[in-house]
Amino acid sequence: MLCWCGVMIKVISTVGTSLFDNYLKEKDNPLIRTLAGKPHSAWAGLSERADRIKKLFTPGIINSSASAEIKSVLKIRETLGEQETEIHLIASDTVESRLAAEIIAEVLQQQYGMPVSFAPEKDVIIGLQVHQPRLFETEGVSNLIKRFEELAGGYYANVVLNITGGYKGLIPHLTIMAQINSVPVYYLFEHTEKLIRIPQTPLDINWGLFEKYREVFSQLAEGVEKSWQQYQREQNIGEDFQWCIEEIEAHGQPLIALNAVGRIFWHRYNRFFYVYVPAGGKYFTESPDKKRFLHQAFYELHRRLGLLPSPLETLTDKDIKHCCISDTYVFKFTNPQLRLQYKVMPDGRLVVYNYYFINSSQVDNSYARKMAAEYPGLAASELTALTFS
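Residues numbered from 1 in each chain as written. Predicted model: local features only at pLDDT ≥ 70, side-chain atom pairs only at ≥ 80, totals over all residues. Heavy atoms only, no water.

Summed over all chains, the structure comprises 14 salt bridges. Notably, a salt bridge pairs Arg-303 with Glu-300, separated by 2.8 Å at the nearest N-O pair. Here Glu-300 and Arg-303 lie together in helix 13 (residues 288–306), a separation of three residues that amounts to about one turn. The exposure class assigned to Glu-300 is buried, which follows from its relative accessible area of 18%. Glu-300 is the salt-bridge partner of Arg-304, the closest N and O atoms lying 3.7 Å from each other. (Salt bridge = Lys/Arg side-chain N within 4 Å of Asp/Glu carboxyl O. Helix = DSSP H or I, 4+ residues; strand = E, 2+ residues; numbered from the N terminus. Buried < 20%, exposed > 50% of the residue type's maximum accessible area, 1.4 Å probe, protein only.)

Quick look at the structure:
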């Protein structure tokens, strides 16, 4: 049994139409059948019909096997044991999927006492449908990736993905997205009670390709009105790049862009950040415990710099600019007491030239004098990049 030690687990669950499919196996209902194939854009005109259908699925009388989503979510909660969970439902771009998600949310909340989140304006994924393959590939999957990242909040250590419901065509994309973010994936095996977890595999991903072609990926994420052959020649790109590209024709003009898989990896790469330190400096001789504390401080400094309300030079924050040493600043990290001497380069690179752990229970100001004395030599050193996510 998995344990996240008291952390609230987010279970992100895609929603299909099994609720209605199962109902129609028991009794025919022309009202439900009229929703088949209707795009979500038709919701306003069908809302009265949707309300009538909702009354057929009153919380309190719904069997746990009424839908694959309800059944699998309850199984996942059972697997997680005493762990607190919150359920986030994701619907496709159809009236049926949205209505199913609303009914499932009410059943899980009222009948099973589970916290559930479903906001149609965000959680109905535009373009996620099966009637237009190109729209599914270029917009649906891309919008799903964005919503997945919004729900995770950039932190995947407490996220679980349930792929039991929804389109089968989503499974490859969701599995890849989960694998590269180390997210556990669950699904209920066909019509059984067996909950299966897809094991995490050690993926060997060449992230250096993304670093080398960062500008190219950025352009292709927006789309480029050129043929792949022309663009490849202009950018001097090898054949190993083509796995993440799609080439189409729009209004008689060639258009190239990242395909769905390319977008998944590009989104993942953009969560990496780099901290530069003097090559061969004292960081490389530190114990694993000290490196762990340093990494926490690096991450917090990077996070705080990304949230600045005004330019760093004008900021008066006493933690981020605890003091100044020449053209560098000192960041005050408090758990444990640690001081980082850093500089943000004109090209945006974050360089940490020096640091000191403050061991005394009293305020230790000697680190600033040591940093000032050591800075000229460190400023002249070559820099090496440490990669963080």
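Moving on, we come to a positive patch on the surface. Residues Lys-282, Lys-290, Arg-369 and Lys-370 make up a contiguous surface patch of positive charge. Relative to the elements of secondary structure, Lys-370 occurs in helix 14 (residues 366–379). (Patch = residues over 30% accessible without salt bridge, like charges linked within 9 Å, V, L, I, M, F, W, Y side chains within 5 Å. Areas by Shrake-Rupley, 256 points an atom, 1.4 Å probe, with all protein chains shown as cover. Lys, Arg positive; Asp, Glu negative; His and termini not counted. Charge placed at Lys NZ, Arg CZ, Asp CG, Glu CD.)

On to the sheet that holds strand 4 (residues 159–162), then. Reading across the sheet, the six strands line up as 3-2-1-4-5-6 and stay open at both edges, with mixed pairing between neighbours. The open sheet has two edge strands with one neighbour each: strand 3 (116–117) and strand 6 (195–198). The pairing of strand 2 (residues 85–91) with strand 3 spans two bridges and is parallel. Bridge assignment links His-88 to a residue of strand 3, and that residue is Ser-117. (Pairing = 2+ DSSP bridges.)

Turning our eyes to something else, we now look at the nonpolar core. Core analysis: the largest hydrophobic core is formed by 45 residues, its most contacted members being Leu-161, Leu-220 and Phe-241. Of all the secondary-structure elements, those providing two or more residues to this core are helix 7 (133–152), strand 4, helix 8 (171–180), helix 9 (207–212), helix 10 (214–222), helix 11 (228–235), strand 8 (253–258) and helix 12 (260–269). Sorting elements by how many residues they give to this core places helix 7 first, with seven residues. Apart from residues lying up to four places away in sequence, Leu-161 is in contact with Ile-12, Phe-148, Leu-174, Ala-178, Val-183, Pro-184, Val-185 and Tyr-186. Core analysis: the next-biggest nonpolar cluster, separate from the first, contains 42 residues, Tyr-23, Trp-43, Ile-76 and Val-107 among them. (Core = buried A, V, L, I, M, F, W, Y, C linked by side-chain atoms within 4.5 Å. Contact = heavy atoms within 4.5 Å.)

What follows concerns the packing of helix 8 against helix 12. At their nearest, the axes of helix 8 and helix 12 sit 10 Å apart, and the two run at 20° to each other. Looking at the two axes, helix 8 sits roughly parallel to helix 12. Between helix 8 and helix 12 lies a crossing whose hand is right-handed. On the side of helix 8, the interface is formed by His-173, Ile-176, Met-177 and Ile-180, while helix 12 contributes Ala-260, Val-261, Ile-264, Phe-265 and Arg-268. Taken together, the residues that form the contact of helix 8 with helix 12 break down as seven nonpolar, one polar and one charged. (Axes fitted to C-alpha atoms, helices over the stretch in contact; angles between N-to-C directions. Parallel < 35°, antiparallel > 145°, perpendicular 65-115°, else oblique. Left-handed = near helix turned anticlockwise from the far one by under 90°. Nonpolar A, V, L, I, M, F, W, Y, C, P; charged D, E, K, R; others polar.)

Here we have six strands laid out as an open sheet, ordered 10-11-12-13-9-14, and mixed in their pairing. Every other strand in the sheet has two partners, leaving strand 10 (323–325) and strand 14 (383–388) as the edge strands with one partner each. With strand direction ignored, the average angle separating the axes of adjacent strands in the sheet is 40°. Sheet analysis places strand 10 next to strand 11 (residues 328–334), joined by three bridges and oriented antiparallel. Bridge pairing links Cys-324 to Tyr-329 in strand 11. Sheet strands in contact with helix 13 are strand 9 (273–278), strand 11, strand 12 (337–344), strand 13 (350–357) and strand 14, and its direction is about 50° off that of strand 12.

Before going further, it helps to spend a moment on the packing of aromatic side chains. For the structure on display, the rule yields 20 aromatic pairs. Measuring from ring centre to ring centre gives 6.4 Å for Phe-331 and Phe-333, while their planes differ by 45°; the resulting arrangement is tilted. An aromatic cluster is defined as three or more aromatic residues linked by ring pairs; in this entry it consists of Phe-210, Phe-217, Trp-243, Phe-265, Trp-266, Tyr-269 and Phe-272. The ring of Phe-272 has Arg-268 sitting right over it, with the charged end atom 4.8 Å from the ring centre. Geometry around Tyr-283 places Lys-291 over its ring, the cationic atom sitting 5.1 Å from the centre. (Phe/Tyr/Trp six-rings, centres within 6.5 Å; stacked < 30°, edge-to-face > 60°. Lys NZ or Arg CZ within 6 Å of the ring centre and 35° of its normal.)

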